[in-house]
Amino acid sequence: MSRHATIRTDHDDATLVARALRPDNTDEMETTVDRDGETATVVTHIERETTSGLQSTVDDYVVNLEVAIDVVSQARTEQHAEPTDTGPVSDRDSDSTHDTQ
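Model, not experiment: these values are computed from the prediction.

**Q** Sorry, what's going on with the overall build of the protein here?
**A** Looking only at helices and strands, the protein has 2 helices and 3 strands in total. Sequence-ordered secondary structure for the protein, helices as α and strands as β, is β-α-β-β-α. Across the 101 residues of the protein, 25% fall into the buried class. Of the contacts formed within the protein by residues at least 6 apart in sequence, a portion of 61% connects residues at least 24 apart. Carbon and sulfur atoms make up 45% of the accessible area of the protein, which totals about 7800 Å².

**Q** Can you walk me through a nonpolar patch on the surface in this structure?
**A** A contiguous nonpolar patch, built from Val63, Val67 and Val71 and spanning about 240 Å² of accessible area, is present on the exposed surface. Considering the arrangement of structural elements, one finds Val67 in helix 2 (residues 51-81).

**Q** I'm lost on the pairing of strand 3 (residues 39-48) in this one. Help?
**A** For a regular strand, the rule is simple: side chains alternate between the two faces of the sheet. The pairing of strand 1 (residues 3-10) with strand 3 spans 8 bridges and is classified as antiparallel. Counted as the bridge partner of Arg3 is Arg48 from strand 3. Where strand 2 (residues 29-36) lies against strand 3, 8 bridges are found, and the strand directions are antiparallel. Looking at the pairing, Asp34 lines up with Thr41 of strand 3. Here strand 2 folds back onto strand 3 in antiparallel fashion, the turn holding 2 residues, of which Gly37 has a positive phi close to 70 degrees.

**Q** What's the story with the sheet that holds strand 1 in this structure? I'm lost.
**A** Either a parallel or an antiparallel arrangement is found when strands of a sheet pair, and the pairing is made through backbone hydrogen bonds. One open sheet holds the 3 strands; their spatial order is 1-3-2, and the pairing between them is antiparallel. The outermost strands of the open sheet, each flanked by one partner alone, are strand 1 and strand 2. Going across the sheet, the axis of each strand differs from the next one's by a mean of 20 degrees, ignoring polarity. Seen against the sheet, helix 1 (residues 14-21) touches strand 2 and strand 3 and runs at an angle of roughly 25 degrees to strand 3.

**Q** What is the right way to read helix 1 from this model?
**A** Three or four residues apart is the spacing at which side chains of an α-helix point the same way, because the helix has 3.6 residues per turn. Buried residues of helix 1: Ala14, Val17, Ala18 and Leu21, and no others. Along helix 1, the residues classed as buried sweep out an arc of 100 degrees about the axis, all on the same side.

**Q** Where do I start with the nonpolar core in this structure?
**A** A general trend in soluble globular proteins is that nonpolar side chains are found buried together. Among the nonpolar cores identified, the biggest contains 15 residues, and Val17, Leu21, Val42, Ile46, Tyr61 and Leu65 are the most heavily contacted of them. Counting only elements with at least two residues in this core, the list comes to strand 1, helix 1, strand 3 and helix 2. Of the residues forming this core, the biggest block, 5 residues, is contributed by helix 2. Look past the residues within four positions of Ile46 in its chain and what remains in contact with it is Arg3, His4, Ala5, Ile7, Glu28, Met29, Leu54, Thr57, Val58 and Tyr61.

**Q** I would appreciate a short explanation of the pattern of salt bridges in the present structure.
**A** Any two side chains of opposite charge can pair, on the condition that their charged atoms come close. For the structure on display, the rule yields 1 salt bridge. Between Arg8 and Asp34 there is a salt bridge, and its shortest N-O distance comes to 3.5 Å. Pair noted here: Arg8 is in strand 1 and Asp34 is in strand 2, with a separation of 26 residues, a long-range link. Take Asp34: its relative accessible area is 37%, and that puts it in the partly exposed class.

What counts and how
- Just so you know, the residues in each chain are numbered from 1, in the order the chain's sequence is written.
- A pLDDT threshold of at least 70 governs which residues receive local features in this predicted model, and a stricter bar of 80 or more applies before side-chain atom pairs are shown or counted, although totals over entire chains, interfaces and linings include all residues.
- Hydrogen atoms and water are omitted, and side-chain values are computed over all heavy atoms in the structure.
- Numbering of helices and strands starts at the N terminus; helices are DSSP runs of H or I of at least 4 residues and strands are runs of E of at least 2.
- Using a 1.4 Å probe on the protein chains alone, a residue whose accessible area is under 20% of its type maximum counts as buried, one over 50% counts as exposed, and one in between counts as partly exposed.
- The contact definition used throughout considers only heavy atoms, calling two residues in contact when any of these lie within 4.5 Å.
- Note on areas: these come from Shrake-Rupley sampling with a 1.4 Å probe, and a residue is covered only by the protein chains present in the view.
- Exposure above 30% relative accessible area and the lack of any salt bridge qualify a residue for a patch; like charges then connect within 9 Å, and the nonpolar side chains Val, Leu, Ile, Met, Phe, Trp and Tyr within 5 Å.
- Put simply, a salt bridge is a Lys or Arg side-chain nitrogen that is within 4 Å of an Asp or Glu carboxyl oxygen.
- Criterion used throughout: strands pair if DSSP finds at least two bridges between them.
- Whenever a helix is involved, its axis is fitted only over the stretch in contact; in every case the axis is a line through C-alpha atoms, and angles between N-to-C directions fall within 0 to 180 degrees.
- Arc, as used here, means the arc of the directions from the helix axis to the C-beta atoms.
- Nonpolar cores were defined as sets of buried Ala, Val, Leu, Ile, Met, Phe, Trp, Tyr and Cys residues, with membership established by side-chain atoms within 4.5 Å.

Below, the structure is given as structure tokens:
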């Protein structure tokens, strides 16, 4: 017999929160976004074989959710403060000197 939990949280940008959460999901988890008019809810279903496993996964998820909410909040603040098109980007450090000999 498996154990189940469903966690629902409402967010201004539920899609972005869900996208931030999904990389940390295990095979026993699924995160979706439910929309009902203007309300958007992140819904995560978790299924584990043991109660202790479910509790551990829920605890980890809540920490990940707090981080995702913080990241989305910071991204929204930064996006409004900075231009969205910053031009070409390079991985190479242009200030360093490279010996080509």
